[in-house]
Structures are given as C-alpha cells and as structure tokens.
Amino acid sequence: MKKLILLGGIGLAIVVILVVWTLIAGLGLVSEKLPHWMSAAEKVAGVAIGKAKEALPGIQEKAGKVSPEITERVKGLISGDEIPEKDVGGEDIAGIPRVPNMVRVSFDISNGKRTIGYKGKIDLGTVTDFYNKEMSALSFKKKVLSASTHDEVHEYKKAKKALEFSFKKTDRLRIAMTEMVIREL
C-alpha cells in the first residue's frame, strides 16, 4: 500500500511539473510572438480603415456633425501616418541625443535654424523622461512652456543655445506612439 501511495505521489509530482513547464513554455511563446501579432493586426486594421475611408468619403465631416470627440478619434484612426523604416534626409542636431527607436520623419532649415521631426512607438512619458535626464546631463536648463495629458512643450537653454522640444502623444490602435519636434531658437 505504501508503495502504491509513493508511486501515486511521484506520478502526481511529474504531472504537476509537466503542467508548470507547459504553462511557462506557452507564456514564453506568447510573449515572443505578441509583438509580431500586434504588428500584423495593426497592418490589417490600417488596410481596413483605408478601405473604409475610400468607401465612405467625407466620414470625418459626417462625424464632426455628430460629435467633435468622434471626429478626433476618426482623424487618429484614418490619418495613415505610418512610421517609416528609416530616417528621411537631413541631420540631427549635433550633441543632442535621440530616443532609441525614434525615426526622423521631417527636416527643415529656415533662416539657418533647424526643425526636425521624429516619430516612434514609444510612450510620451518615456520620451519626456529621456530628454529631461539627457539634457540635464548636458547642463541644459529646462522650462516647461505648456503641458497636458497628450502633449508638452519644453524649452532647453545652455549659454547661447536654445532649443524647443514639442512632444505629442499619438497612440494608435492602443499602441503607444509619440511624435516630437526639436526646433532651434
């Protein structure tokens, strides 16, 4: 009888170990594949929204008549602003770091002053925290010019150098996205 109980206990332990191992392996697979699945879902949703935009001309105007809030959501969904895979032409401002995974999406020089736009799949708070830390380390003094839950404008000054950073939260399909513009003053 004792042998039977001992064998049953060992068998149960083996079953528990196999179940735990299966759960851990399953979670690993899901966490590894989830970004790919989300990317594919975003592309499918983008195509569907593009088709809807073609099929329903004037959807933004119609939504605007119903509710301004709906209009803003529709604009966000059908904007079609995708993040390019590589930087557009131009250059970054020397000595000013860039948040990893942000792509340069615009570049302009006017009156010798550069304005550079970036976009990335990264949370607004992460981007502003990055620049608060990095610019402070470079001895720039920060002044917040405006702030809300969706955008912030900071001015950084050091000696005769002045920069304006505009940050905007542009989440799309529940994916954290941020646009930012750095402008030389």
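Please read all numbers here as calculations on a predicted model, not as lab measurements.

When helices and strands are tallied, the chain shows 4 helices and 6 strands. For the chain, the α and β elements follow one another from N to C terminus as α-α-α-β-β-α-β-β-β-β. In the chain, which comprises 185 residues, the proportion classed as buried is 24%. Of the roughly 12700 Å² that the chain leaves accessible, carbon and sulfur atoms contribute 62%.

Here we come to the nonpolar core. Nonpolar side chains tend toward joint burial in soluble globular proteins. One finds Ile96, Tyr131, Phe165, Met180 and Ile182 to be the most contacted residues of the largest nonpolar core, which totals 18 residues. For this core, the elements supplying multiple residues, two or more each, are strand S2 (113-120), helix H4 (124-137), strand S5 (161-169) and strand S6 (178-184). Sort the elements by how many residues they give to this core and H4 lands first, with 4 residues. In this view, Ile96 contacts Tyr131, Met135, Phe140, Leu163, Phe165 and Ile182; residues no more than four positions away in its chain are not counted.

Under the definition given, this model contains 1 cavity of 30 Å³ or more. Quantified by volume, the largest cavity comes out at close to 40 Å³. Lining of the largest cavity is provided by Asp92, Ile93, Ile96, Pro97, Arg98, Ile116, Tyr118, Tyr131 and Ile182. Partitioning the lining of the largest cavity into residue classes produces 7 nonpolar, no polar and 2 charged.

Read from one edge to the other, the open sheet built from 6 strands follows the order S1-S2-S6-S5-S4-S3, with strand pairing classed as antiparallel. If you trace the sheet from one side to the other, it starts and ends with strand S1 (103-110) and strand S3 (141-147), each paired once. Recorded for the sheet is a direction-independent mean angle of 15 degrees between the axes of neighbouring strands. In terms of strand pairing, S3 meets strand S4 (residues 151-158) through 6 bridges, oriented antiparallel. The partner of Lys142 across the bridge, within S4, is Tyr156. Along the sheet, H4 contacts S3, S4, S5 and S6; its crossing angle with S5, the most-contacted strand, is approximately 165 degrees.

Summed over the entire model, instances satisfying the criterion amount to 5 aromatic pairs. On the basis of an interplanar angle of 40 degrees and a centroid distance of 6.1 Å, the ring pair of Tyr131 and Phe167 is categorised as tilted. With Tyr131 in helix H4 and Phe167 in strand S5, this pair connects stretches of sequence that are 36 residues apart. Each member of the pair, Tyr131 as well as Phe167, is classed as buried. One aromatic cluster is present, built from ring pairs that chain together Phe130, Tyr131, Tyr156, Phe165 and Phe167.

Phi at Ser139 is positive, roughly 70 degrees, even though this residue is not glycine. Mapping Ser139 onto the fold places it in the loop between H4 and S3. What makes Ser139 partly exposed here is its relative accessible area of 48%. Of note, the phi angle at Ala159 is positive, near 55 degrees, even though the residue is not glycine.

Taken together, the side chains of Leu12, Val16, Val20 and Ile24 define a hydrophobic patch exposed on the protein surface, amounting to about 370 Å² of accessible area. Within the element layout of this structure, Val20 appears in helix H1 (residues 2-55).

The rules behind these values
- Residues numbered from 1 in each chain as written.
- Predicted model: local features only at pLDDT ≥ 70, side-chain atom pairs only at ≥ 80, totals over all residues.
- Heavy atoms only, no water.
- Helix = DSSP H or I, 4+ residues; strand = E, 2+ residues; numbered from the N terminus.
- Buried < 20%, exposed > 50% of the residue type's maximum accessible area, 1.4 Å probe, protein only.
- Areas by Shrake-Rupley, 256 points an atom, 1.4 Å probe, with all protein chains shown as cover.
- Core = buried A, V, L, I, M, F, W, Y, C linked by side-chain atoms within 4.5 Å.
- Contact = heavy atoms within 4.5 Å.
- 1 Å grid on protein atoms, 1.4 Å probe; cavity = no way out; pocket = protein on both sides within 12 Å on 5 of 7 lines; lining within 4 Å.
- Points joined across faces, edges and corners; volume = space filled by probe spheres on them.
- Nonpolar A, V, L, I, M, F, W, Y, C, P; charged D, E, K, R; others polar.
- Pairing = 2+ DSSP bridges.
- Axes fitted to C-alpha atoms, helices over the stretch in contact; angles between N-to-C directions.
- Phe/Tyr/Trp six-rings, centres within 6.5 Å; stacked < 30°, edge-to-face > 60°.
- Patch = residues over 30% accessible without salt bridge, like charges linked within 9 Å, V, L, I, M, F, W, Y side chains within 5 Å.
- Salt bridge = Lys/Arg side-chain N within 4 Å of Asp/Glu carboxyl O.

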